[in-house]
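Structural description and commentary
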Amino acid sequence: MNGTLVAQQVVNGIVTGSVEALFALGLTISWGVLKILNLAQAQIFTMAALAAVYVGDHTGLPLWAVVIAAVLAGGLLAVAGDAVAFWPLRRQRLDTHAMELNSLITSFGLALILTGIAEKVTDSNIVRLPQRLYSVHLLHVGGVSLTNVQLTVVVASVVLSVAVWWAIGHTRAGTAIRALAYLPEMTQMAGVNVSRLTRGAFFLCGALAGCAAVLLSMLLNAVDATFGTDILLQAIAIIVIAGSGRILGALAAGLLLGIVEDVGSLYWPANIGNLVPFVLIAVVLLIRPTGLFGQPVTSRA
Amino acid sequence: MTSWYTVEMLAGIYGIAAIAMQLGMMAGTLSLAVVGWMAVGGYFEGVAITKWGWSPLLALVVAMTAAALLGHLVVLPAKRVQGLYYSIITLTFVLALQVVFGSISYLGGEDGIYSIALFSNGWWVILGLAATAAAAAWLSTGQRGRALRAAGQDPLAAGSLGVNVIRQQMLLGRVAAVFGIVAGTLYAGFIGYVSPGDFGFTLVVSVLVMVVVGGRRSWLGAIIGAALITVISNGFNFLVGWALVVQGAFLLATMAVFPEGIIGLVTWVVGRLQPRVRVPTPVSSYVSSHRSGHV
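The structure presented is a predicted model; accordingly, all values stated were derived computationally and were not measured.

1. Quick notes on the overall build of chain A
If you tally the helices and strands in chain A, you get 12 helices and two strands. In sequence order, chain A lays out its α and β elements as α-α-α-α-β-β-α-α-α-α-α-α-α-α. Taking 2.2 N^0.38 as the reference for a compact globule, 301 residues should give roughly 19 Å; the C-alpha atoms of chain A span a radius of gyration of 19 Å, in line with that estimate. Its C-alpha atoms give chain A principal-axis dimensions of roughly 60 × 50 × 35 Å. Here chain A holds 301 residues, and the buried ones make up 53% of them. Contacts spanning at least 24 positions in sequence make up 76% of the contacts within chain A whose residues lie at least 6 apart. Of the roughly 12600 Å² of accessible surface on chain A, 66% is carried by carbon and sulfur atoms. A gap of 15 Å separates the mean positions of the 14 positive and 12 negative side-chain charges of chain A.

If you want it as structure tokens, here you go:
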């Protein structure tokens, strides 16, 4: 097989993998910290992309403002989703096992509602970000070509992942979030406003989804009602590979998954390639259920 | 609007799948594999009838036997993983089957299999539903039922009391497989075609909504939920196009207000209507409590 072709597919894999990792980041924080596997993250992602398209179409705002609009849309939607779906569960004071199961079930409901709304809004059509927001140039680096959009996507994803990892490890709010993941009651006793912190964590997850949504809609140049659901499976694979709550692990797993899928597509037919996430999920869960990157962050505050 | 006959048939078919999921939830696990087995049943029926010329009943019996023997393979990872990972494994099974069936040209690819003989009628569905309900009732009563519910409340404590939780999950895996085959077969014989899109995420969530809204502690709840949700999703003109939103809203409302579903609500109301009876405290308990207080 041609070496340049492989190198090109590695680059393409890094591009897809990095945006999938950014999407998985919100999901893994939600699972690791809040103990909620929020499947509705996929629909929050879709709605944020639709919000970006709407703002781009109906205002003359530049790209950065559209990104902020999508980030706000994603964050606020996640907080609103928490208020209608997960907050009532927290009030029931269930034990950990029941809470995990019930929040997963509830997130299915939230996902259904948002899917229904997304289908109504798009009328099952494909929409696009307006072309005035960005232009696409082709860059050539040592025989491998990539567009400025692809480069932006990779840089933004890596910078955001590292920033979130740093913030959770080194800031006061990050310490509080880790404490919340470890011992919620003690965190409350230590004077942290737990309900505000939970809302903040939800906002963060939604905001990350919003940011990833704009990046992916620039990359694919198409948004539809199943925009988020299409990469939900990759995101779950990334979390399972990395272990829940592992932030840099999710980035690494995302890049790994992207490279395996895109380089592999040179060797196997497309429909076999679709099975890669399934195979990885099954293999990792069977061999090392805590993920490749060690214990979940939640067990060590 | 869909005809009432269609709504009734679909309610019965989904009811069978919902009972399988309900049994798992009673035992504390959310297994979504039943939808994958529906796909297997539907496709096997389709292939056996249209390509091999088998009779529907023969195909059903063969598929059910195979499912009873192999159904636990899907939940084999349960030996290593528990909780949410278990749900993820089963969801992965469903979605992977969709991809596999969609890419095999013998099975018609994304288009699926057409012109399957329409053999399902009301009697088939009533018989299937009655048989699965009876099996579920048998599994949920007596010591078997108590063991399942104990595992659902606290797997660790149940295990320490001698319940083999893993073996239980393997059994439930086989049960879900057989029920799924029955539901899938009836579906194929009623609708007349199967395609990968029919057995995906949407159906997984629909069946889940049925179980939760109806009441996850009892097989009767699964049937009630299947009937209610199918009627609401298909039976009213003004709700056409809003089925997903309505189902989601039902699920959220149930989880927030009465997590035990309609069955739980009815039990609660009946409990409130009955006059409170004051049971006099037996003297012996006073004696024993005083004694222990002094020691």
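2. Concerning the nonpolar core
The biggest cluster of nonpolar side chains holds 176 residues, and the ones touching the most others in it are Ile29, Phe45, Ile105, Phe108 and Leu129 of chain A together with Leu30 of chain B. Excluding residues within four positions of it along the chain, phenylalanine 45 of chain A makes contact with Phe23, Ala209, Ala212, Ala213, Leu216, Phe227, Gly228 and Ile231 of chain A.

3. Some details on the packing of helix H1 (residues 3-34) of chain A against helix H8 (residues 194-220) of chain A
Residues and elements named next belong to chain A. Between H1 and H8, whose axes approach to 9 Å, the crossing angle comes to 165°. By the angle between their axes, H1 is roughly antiparallel relative to H8. Helix-helix and strand crossings are classified by hand; for H1 and H8 the assignment is left-handed. On H8, the residues touching Val15, Val19, Leu22, Phe23, Leu25, Gly26, Ile29, Ser30 and Leu34 of H1 are Thr198, Ala201, Phe202, Leu204, Cys205, Leu208, Cys211, Ala212, Leu215, Leu216 and Leu219. Class assignment of the residues belonging to the contact of H1 with H8 gives a composition of 17 nonpolar, three polar and no charged.

4. Overview of the pairing of strand E2 (residues 144-147) of chain A
All names here are of chain A. Direction of pairing for strand E1 (residues 138-141) relative to E2: antiparallel, over a ladder of four bridges. Paired with leucine 138 across the two strands is threonine 147, which belongs to E2. Count of turn residues in the E1/E2 antiparallel hairpin: two residues, of which glycine 142 carries a positive phi of about 55°.

5. Looking at the confidence of the model for chain B
Residues and elements named next belong to chain B. A residue-level look at chain B finds 93% of positions with pLDDT of 70 or above and a mean pLDDT of 85. Segment residues 286-295 is flagged for pLDDT under 50; beyond a separation of four residues in sequence, or across chains, it makes one contact in the model. Predicted complex metrics record ipTM = 0.86 and pTM = 0.87.

Rules used in this analysis
- Residues numbered from 1 in each chain as written.
- Chains lettered and ligands numbered in written order.
- Predicted model: local features only at pLDDT ≥ 70, side-chain atom pairs only at ≥ 80, totals over all residues.
- Heavy atoms only, no water.
- Helix = DSSP H or I, 4+ residues; strand = E, 2+ residues; numbered from the N terminus.
- Rg over C-alpha atoms; globule rule 2.2 N^0.38 Å.
- Buried < 20%, exposed > 50% of the residue type's maximum accessible area, 1.4 Å probe, protein only.
- Contact = heavy atoms within 4.5 Å.
- Areas by Shrake-Rupley, 256 points an atom, 1.4 Å probe, with all protein chains shown as cover.
- Lys, Arg positive; Asp, Glu negative; His and termini not counted.
- Charge placed at Lys NZ, Arg CZ, Asp CG, Glu CD.
- Core = buried A, V, L, I, M, F, W, Y, C linked by side-chain atoms within 4.5 Å.
- Axes fitted to C-alpha atoms, helices over the stretch in contact; angles between N-to-C directions.
- Parallel < 35°, antiparallel > 145°, perpendicular 65-115°, else oblique.
- Left-handed = near helix turned anticlockwise from the far one by under 90°.
- Nonpolar A, V, L, I, M, F, W, Y, C, P; charged D, E, K, R; others polar.
- Pairing = 2+ DSSP bridges.
- pLDDT = per-residue confidence, 0-100.

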